[in-house]
Amino acid sequence: MTAPTPATPLIDWHTLGQVLFTSVVLGIGLVVIFSVGVYSLSVFRRPGATMVSRSTNAALLSLITLIILATGVWGFYIIIHK
């Protein structure tokens, strides 16, 4: 006789927890990053802003845009390769 195989669980709780954690972190993180970008854009467009302030905010806006685009590309990569 062969030994019975153990039953596999219906739900993989570890993977479900990872998906939930990643979704919450990315959801909140993207909202915060986008909010910082909008604030930086408003500071950049102020009429009395100095040149240093404008250039700093322009660099910050570029960085934030790259982060948001990289997150989107990473998401599509994960979706395509799973």
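The coordinates are above.
Just so it is clear, the model here is predicted, and its values are computed rather than measured.

Analysis parameters
Residues numbered from 1 in each chain as written. Predicted model: local features only at pLDDT ≥ 70, side-chain atom pairs only at ≥ 80, totals over all residues. Heavy atoms only, no water. Helix = DSSP H or I, 4+ residues; strand = E, 2+ residues; numbered from the N terminus. Buried < 20%, exposed > 50% of the residue type's maximum accessible area, 1.4 Å probe, protein only. Polar contact = N/O pair within 3.5 Å; in protein donor to acceptor, adjacent residues only side chain to side chain. Contact = heavy atoms within 4.5 Å.

Things to note about the side chain of Asn57
Consideration 1: Along the polypeptide, Asn57 turns up in helix H2 (residues 51-80).
Consideration 2: Judged by its relative accessible area of 11%, Asn57 falls in the buried class.
Consideration 3: Within the local environment of Asn57, its side chain forms a polar contact with the side chain of Ser40, the two groups lying 2.9 Å apart.
Consideration 4: In this structure, Asn57 is in contact with Ser40, Val43 and Phe44, ignoring residues within four places of it in sequence.

Concerning the environment of Tyr77
Consideration 1: With respect to the helices, strands and loops of the structure, Tyr77 is situated in helix H2.
Consideration 2: C-alpha separation for the pair Tyr77 and Val38, spaced 39 residues apart in sequence, amounts to 27 Å.

Keep in mind these values describe shape, not function.
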